[in-house]
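# Results of the structural survey
Spelled out from the first residue to the last, the chains are:
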Amino acid sequence: MKRRVVDVLVPVALDQAYSYVVPAGMDVAPGDVVAVPLGTREALGVVWAENANPNPRLDNRLKDIADKLDVPPLKGELRKFVDWVSNYTLSPRGMIVRMALRMGEHLGPARERVGVRLAGPHPKRMTAARNRVLAVCADGLVRMKGEIAEEAGVSPGVIDGLIDEGTLETLVLPPDPVAPAPDPEFAQPDLSPAQQAAADALRETVGAGGYSATLLDGVTGSGKTEVYYEAVARTLERERQVVILLPEIALTSQFMNRFQARFGCLPVEWHSALSGPERGRIWKAAATGEARVVVGARSALFLPFSELGLIVVDEEHDQGFKQDDRVHYQARDMAVVRASLGKLPVVLASATPSMTPTASVEAPSTVTR
């Protein structure tokens, strides 16, 4: 029986993909995230293509894929984007896919959350500490062990003893959601006639679907954010995801609070200060569609959104969108390209629009002032 061979792109500074044998019983397809042996170590990679005619000289040297990760595959649109950025920036494809998998070591199963609740009769031996724990748990609600210990003023050992005696029981809880879903109707804005006209134009553009590039031009304090929030709202109504790119210095609590006031919850944040596990959870939430709106720095553009419907680049003129480390790119330009490849709208907002040309598969189409 002929072995099945696929090409896997791994996050190293090379342009080529490596060929691997698909083990019997494993089903993989382009876009799947897999673990593969790479030299003396194991690395994550993405199945890039079938290889119907592997090099016969390498037949006895091809290694098997070690594992297939239980995460959504990278969609074709993102894989095309990786190839496009590689060709445009003259960077190895492995370094581009590295940006799409840079949190890969944290893509395993989420750490289990264990709750505790009252389940059985009181223990034979009672103490003041145990009495306080039982008083906290008397309502039968599930609580985290640390929460009970803090509220009752006891050590975790007291709770463990009650679990061993069957008075309390443990339950595995579902993981915390990365973020609640924003509500597009939470707070309707009070817009001026000019703002309303711009918002209506953006809502119409988003509603029509397909690729478009719109410049939202207005002086500082003119309400550009409130206007493009209406494009965000329309995208949410269409049950699509949104990514809002900001210069990292502009990722402030003020912006987050304005978003919360409009949509009733905070957006998902993506920036360099996140821990590895946090990045892994957000990566997976973007890939599954759980994260409906992501606000982040330039690297958020490479997240594997499952149903991306709108890209917003705020302060598009800002030099903070330039990446000068390893892969050199301008995130504003790449946002237009990703929108074009994904056939979705992109909004560029600025008080001082850039005069430099924007790289694009298609030309920008609309200016809204």
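Here is what the cut-offs are and how they apply
- Residues numbered from 1 in each chain as written.
- Predicted model: local features only at pLDDT ≥ 70, side-chain atom pairs only at ≥ 80, totals over all residues.
- Heavy atoms only, no water.
- Core = buried A, V, L, I, M, F, W, Y, C linked by side-chain atoms within 4.5 Å.
- Buried < 20%, exposed > 50% of the residue type's maximum accessible area, 1.4 Å probe, protein only.
- Helix = DSSP H or I, 4+ residues; strand = E, 2+ residues; numbered from the N terminus.
- Contact = heavy atoms within 4.5 Å.
- Phe/Tyr/Trp six-rings, centres within 6.5 Å; stacked < 30°, edge-to-face > 60°.
- Pairing = 2+ DSSP bridges.
- Axes fitted to C-alpha atoms, helices over the stretch in contact; angles between N-to-C directions.

## Overview of the nonpolar core
With 55 residues, the main nonpolar core has Ile 311 and Val 346 as its most contacted residues. Considering each element in turn, this core owes the most residues, six residues, to helix α10 (residues 331–342). Leave out the neighbours within four places in its chain, and Ile 311 touches Val 243, Leu 301, Ala 335, Arg 338, Ala 339, Leu 344, Pro 345, Val 346 and Val 347. Formed by 26 residues, the second largest nonpolar core is a distinct cluster that contains Ala 198, Val 206, Val 227 and Ala 349.

## What about the packing of aromatic side chains?
For the structure on display, the rule yields eight aromatic pairs. A ring pair is formed by Phe 81 and Phe 302, whose centres lie 5.2 Å apart and whose planes are at 35°; its orientation type is tilted. Of the two residues, Phe 81 is situated in helix α1 (residues 76–89) and Phe 302 in the loop between β12 (293–296) and β13 (308–314); the sequence distance between them amounts to 221 residues. Across this residue pair, the class does not change: Phe 81 and Phe 302 are buried. Here the aromatic rings of Trp 84 and Tyr 88 are separated by 4.9 Å at their centres, their planes lie at 20°, and the arrangement is stacked. With Trp 84 and Tyr 88 both in helix α1, this residue pair falls four residues apart, about one helical turn. Aromatic ring contacts, followed pair by pair, group Tyr 228, Tyr 229, Phe 255, Phe 259 and Phe 263 into a single cluster.

## Some words on unusual backbone geometry
Of note in this structure, Leu 90 is not a glycine but carries a positive phi near 55°. Mapped onto the elements, Leu 90 comes out in the loop between α1 and α2 (93–100). According to the relative accessible area criterion, Leu 90 is exposed, its value standing at 76%.

## As for the sheet that holds strand β7 (residues 143–144)
Sheet architecture is open: three strands sit in the order β7-β6-β8, paired in antiparallel fashion. Lying at the two open borders of the sheet, with one neighbouring strand each, are β7 and β8 (168–173). In the sheet, strand β6 (residues 113–118) pairs with β8 via six bridges, with the strands oriented antiparallel. If you follow Arg 113 over to β8, its bridge partner there is Leu 173. Its contacts with the sheet put helix α3 (residues 128–137) on β6, β7 and β8, and the angle it makes with β8 is roughly 50°.

## Considering the pairing of strand β9 (residues 212–217)
Among the six residues of β9, six are classified as buried, and the element is accordingly described as predominantly covered. Burial along β9 is two-sided: the residues Ser 212, Thr 214 and Leu 216 and Ala 213, Leu 215 and Asp 217 are all buried. Two strands pair when backbone bridges link them, and β9 and strand β16 (residues 345–350) are joined in this way by six bridges, in the parallel orientation. The partner of Leu 216 across the bridge, within β16, is Ala 349.

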